[in-house]
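# Coordinate inspection notes
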Amino acid sequence: MTEQLGLVVLDHVNKWYGQTQALKDINLSIARGEVVVVIGPSGSGKSTLCRTINRLETINEGTITLDGRPLPAEGKALAALRADVGMVFQSFNLFAHKTVLENVTLGPIKVRGLDKAAAEKKARELLDRVGVAGHAEKYPAQLSGGQQQRVAIARALAMDPEVMLFDEPTSALDPEMIKEVLDVMVGLAKQGMTMVVVTHEMGFARTAADRVVFMADGAIVEEAAPEQFFTNPSTDRAKDFLGKVLQH
Amino acid sequence: MDAVRDNWRDVLYAFGLTVEISVLAGVIALVLGFLLGALRVSPVPVGRAVAAVYVRLVRNTPLLLIMLITTFTLPVLGLRPDINLNDWFGIDSHNRMLNLNFFVLCATGALGLYTAAFVCEAVRSGINSIPIGQAEAARSIGMTFGQTLRLVVLPQAYRAVIPPLTSTMIAMTKNSSVAVGVGVTDATFQMRKLNNDNGDQILQIFVTFAIGYMILVFLISAVGSLLERRAAA
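The rules behind the values
- The residue count restarts for each chain, going from 1 along the sequence in the order it is written.
- Following the order in which they are written, the chains are lettered starting with A and the ligands numbered starting with 1.
- The predicted nature of this model means local features are confined to residues of pLDDT at least 70 and side-chain atom pairs, given and counted, to a pLDDT of 80 or more, with totals for whole chains, interfaces and linings taken over all residues.
- Water and hydrogen atoms were dropped before computing side-chain values, which therefore reflect all heavy atoms in the structure.
- The secondary structure listing takes helices from DSSP runs of H or I that are at least 4 residues long and strands from runs of E that are at least 2 residues long, numbered from the N terminus.
- Exposed residues in this analysis have more than 50% of their type's maximum accessible area, buried residues have under 20%, and partly exposed residues fall in between, with area computed by a 1.4 Å probe over protein chains only.
- In what follows, residue pairs with any heavy atoms lying within 4.5 Å of each other are defined as contacts.
- Positive charge is attributed to Lys and Arg, negative charge to Asp and Glu, and no charge count is given to His or to the chain ends.
- Where a charge lies is defined by one atom per residue type: Lys uses NZ, Arg uses CZ, Asp uses CG and Glu uses CD.
- By buried area we mean how much accessible surface two parts lose on assembly, using a 1.4 Å probe and totalling the loss over both.
- Salt-bridge detection follows one rule: a side-chain nitrogen of Lys or Arg within 4 Å of a carboxyl oxygen of Asp or Glu.
- What qualifies as a polar contact is a pair of N or O atoms within 3.5 Å, subject to a donor-acceptor requirement within protein and to the restriction that residues adjacent in sequence count only when both atoms come from side chains.
- The classification used treats Ala, Val, Leu, Ile, Met, Phe, Trp, Tyr, Cys and Pro as nonpolar, Asp, Glu, Lys and Arg as charged, and all other residues, Gly among them, as polar.
- A strand pair is defined by DSSP finding two or more bridges across the two strands.
- Only the contacting stretch of a helix is used when fitting its axis, a line to C-alpha atoms as for every element, and angles between N-to-C directions run 0 to 180 degrees.
- Patch membership requires over 30% relative accessible area and the absence of a salt bridge. Like charges are linked within 9 Å, and nonpolar side chains (Val, Leu, Ile, Met, Phe, Trp, Tyr) within 5 Å.
- Surface accessibility in these figures is a Shrake-Rupley result with a 1.4 Å probe; residues are shielded only by whichever protein chains are displayed.
- Taken from the helix axis, the directions to the C-beta atoms give the arc we talk about.
- Take the buried residues of types Ala, Val, Leu, Ile, Met, Phe, Trp, Tyr and Cys, join any two whose side-chain atoms come within 4.5 Å, and each joined set is a nonpolar core.

### Things to note about the overall build of chain B
The helix and strand inventory of chain B stands at 10 helices and 0 strands. When the elements of chain B are put in sequence order from the N terminus, they spell out α-α-α-α-α-α-α-α-α-α. Dimensions of chain B, computed from the C-alpha atoms along their principal axes, are close to 70 × 45 × 35 Å. A burial count over chain B gives 45% of its 233 residues as buried. Restricting the contact set of chain B to residue pairs at least 6 apart, pairs at least 24 apart contribute 76%. Looking at chain B, you have 17 positive and 13 negative side-chain charges, and the mean spots of the two groups are 15 Å apart.

### Thoughts on the interface of chain B and chain A
With 17 residues of chain B at the interface, the matching set in chain A holds 23 residues. Between chain B and chain A, roughly 1700 Å² of surface is buried when both sides are summed, and carbon and sulfur atoms account for 62% of that area. The largest per-residue losses of area from chain B upon contact with chain A belong to B:Arg139, B:Ser140 and B:Ile141, which jointly make up 34% of the total buried on that side. Between the two partners, chain B and chain A, sit 1 salt bridge. The shortest N-O distance in the salt bridge between B:Glu136 and A:Arg51 comes to 2.6 Å. Linking chain B with chain A are 8 residue pairs in polar contact (both at pLDDT 80 or more). Contributing elements (two or more residues each) for the side of chain B that touches chain A: α7 (132-140) and α8 (145-175) of chain B. For the side of chain B that touches chain A, the element with the highest residue contribution is α7(B), accounting for 7 residues. For the side of chain B that touches chain A, the class distribution of residues is 8 nonpolar, 7 polar and 2 charged.

### Things to note about the pairing of strand β10 (residues 219-224) of chain A
All names here are of chain A. In the sheet, strand β9 (residues 211-216) pairs with β10 via 5 bridges, with the strands oriented antiparallel. Counterpart to Met215 in the pairing with β10 is Ile220. Here β9 hands over to β10 after 2 residues, with Asp217 in that stretch at a positive phi of 50 degrees.

### Brief notes about the side chain of A:Thr199
All names here are of chain A. As for its position among the elements, Thr199 is in the loop between β8 (194-198) and α7 (202-208). A residue is classified by how much of its surface remains accessible, and Thr199, at 1% relative accessible area, is buried. Here the side chain of Thr199 touches Glu201 through a polar contact of 2.9 Å, landing on its backbone nitrogen. Here Thr199 is in contact with Val37, Val38, Ile39 and Thr170, once residues within four sequence places are set aside.

### Things to note about the sheet that holds strand β7 (residues 163-167) of chain A
Strand-to-strand pairing in sheets goes through backbone hydrogen bonds, with the strands running parallel or antiparallel. Residue and element names in this part refer to chain A. The 6 strands lie next to each other as β6-β7-β8-β3-β9-β10, forming an open sheet whose pairing is mixed. Lying at the two open borders of the sheet, with one neighbouring strand each, are β6 (85-88) and β10. Adjacent strand axes in the sheet meet at a mean angle of 20 degrees when their direction is disregarded.

### Quick look at a nonpolar patch on the surface
Together, B:Ile202, B:Leu203, B:Phe206, B:Val207, B:Ile211, B:Ile215 and B:Leu219 line one region of the surface with nonpolar side chains, adding up to about 650 Å² of accessible area. Of note, B:Ile202 is situated in helix α10 (residues 202-232).

### Overview of unusual backbone geometry
All names here are of chain A. Unlike most non-glycine residues, Asp67 shows phi in positive territory, near 55 degrees. Its location among the elements puts Asp67 in the loop between β4 (61-66) and β5 (69-70). The residue Glu168 is not glycine, and still its phi comes out positive at about 50 degrees. Relative to the assigned elements, Glu168 resides in the loop between β7 and α6 (175-190).

### Overview of the environment of A:Met193
Residues and elements named next belong to chain A. For Met193, the position within the fold is in the loop between α6 and β8. Met193 sits in the buried class, given a relative accessible area of 15%. Considering only alpha carbons, one finds Met193 and Ala79, 114 residues apart in sequence, at a separation of 21 Å. Contacts of Met193, omitting those with residues within four sequence positions, involve Gly33, Glu34, Val35, Leu157, Pro161, Glu162, Met164 and Leu188.

### Thoughts on the pairing of β4(A)
Residue and element names in this part refer to chain A. Relative to β4, strand β1 (residues 8-17) is paired through 5 bridges, and the arrangement is antiparallel. Across the sheet, Val9 pairs through a bridge with Thr65, a residue of β4. Inspection of the sheet shows β4 paired to β5 by 2 bridges, in the antiparallel sense. The residue of β5 that forms the bridge with Leu66 is Arg69. Hairpin remark: β4 followed by β5, antiparallel, with 2 residues in the connecting loop; positive phi at Asp67, about 55 degrees.

### Here's the deal with helix α9 (residues 187-197) of chain B
Residues and elements named next belong to chain B. Along α9, the residues that are buried comprise Ala187, Thr188, Gln190, Met191, Leu194 and Asn195. What you see down the axis of α9 is that its buried residues fit within an arc of 160 degrees, all on one side. Exposed and facing more than 90 degrees away from the buried side of α9 are Asn196 and Asp197. Summarising the contacts, the buried residues of α9 are in contact with α1 (3-6), α2 (8-40) and α10.

### Looking at the nonpolar core
Counting 51 residues, the largest nonpolar core has A:Ile153, A:Met164 and A:Met195 as its most contacted members. The element best represented in this core is α6(A), accounting for 8 residues. Setting aside chain neighbours within four positions, we find A:Ile153 in contact with A:Val88, A:Met164, A:Phe166, A:Val181, A:Val184, A:Met185 and A:Leu188. Judged by nonpolar contacts, the second largest core, of 38 residues, contains A:Val38, A:Met87, A:Val198 and B:Leu151.

Below you can see the structure in the form of structure tokens.
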């Protein structure tokens with residue numbers, strides 16, 4: 001059997017912000033359909049890692065490939081690659097001057113070249129799937145955080161991405177809104193979407209992750225199946241972290 | 001007896017030329033300024049550098065100096081002073097209101113190039129007022145730099161850009177009076193001429209021309225407020 005190549009592969013990735021090293025020799029391979037949850041303390045580089053995968057952050061050393069293709073530098077090729085990588089941000093970042101429906105159709109129409117009717121049909125299906133179909137004509141500011149984040153997920157899904165990146169998708173939400181967003185994400189995971197999720201939601205990691213990646217100080221300290229990681233972490237750094245976050 | 005009333009036609013023509021210069025320079029400044037503003041935030045380092053150098057050079061040079069440079073160096077470079085656009089547009093070269101003779105062209109070009117630097121900075125500050133997440137989200141769904149700017153950032157920056165752009169256009173209209181220094185017969189030229197001929201009425205003449213410039217500026221402010229209200233709706 002030939003070696004299964006990952007859909008997303010980070011190979012010896014290093015990144016510095018001036019003197020500080022944000023990413024230290026990151027090696028990570030994410031298989032198609034896999035859900036990888038990245039956890040770790042603040043400033044451990046997990047968001048940076050997530051953002052390098054669609055090159056919102058550049059790297060100084062190493063390579064990142066998507067489906068065997070290295071990430072292109074700036075330009076049309078990079079834009080084309082980003083269209084295949086969905087991104088969900090902590091602060092939602094819905095286009096403030098566009099309605100919910102327009103937020104979801106803008107990419108398919110302008111980037112994929114879909115006609116308006118087809119894009120709107122698809123958008124309404126997606127909005128229905130994430131449970132905000134009734135808000136299609138509203139503007140983002142008229143929606144709650146949880147609703148906005150679900151629209152953001154629909155906007156990313158409308159591009160038919162090969163992989164979805166979630167950069168702390170629930171960190172800006174009220175507790176009662178976290179569940180509605182996580183439910184959508186669990187649903188996506190069950191349908192086989194390849195996902196990289198940076199989060200502090202340990203419950204989500206336990207239920208939806210195929211693999212937990214624990215980062216500290218810019219390096220991957222430990223990688224394990226969720227059950228093993230949460231019940232029997234192998235490194236002291238992970239034990240210390242879990243001791244702090246799980247004691248309540 | 002009354003210098004302004006006796007020469008009202010000349011006053012009107014002179015203001016006509018001021019309007020012509022301001023409108024043409026405004027078009028140059030807005031088009032070039034928006035392009036420079038886009039370059040200023042582009043992902044291409046060379047583009048950013050070119051725009052930054054342009055702004056630094058042009059904004060830090062007195063307008064009169066730029067007008068003198070265009071008027072007196074273009075002939076050295078082989079563009080003869082008898083070149084004008086009057087023939088193109090079928091304008092009589094004795095027409096004082098609509099005249100595109102060499103000196104008017106040089107002054108207008110200089111004013112447009114000079115004002116573009118200020119437009120660029122107004123556009124840049126407007127773009128910077130939009131949270132970076134908007135552009136990141138646009139890039140993340142595969143938009144190119146141009147699409148991100150055109151479809152997501154500029155429509156939102158538009159509102160923030162109108163007030164400083166209105167100020168820039170007002171300053172430009174008043175700055176057009178500097179063209180008198182390179183021999184353009186605009187409103188300020190006419191004012192000087194009347195003052196020279198009618199030393200006993202300089203106050204009335206000054207006030208008349210001040211009011212004339214004020215009317216032009218009020219028109220620009222009105223357009224600015226209108227656009228601002230439309231953008232807010």
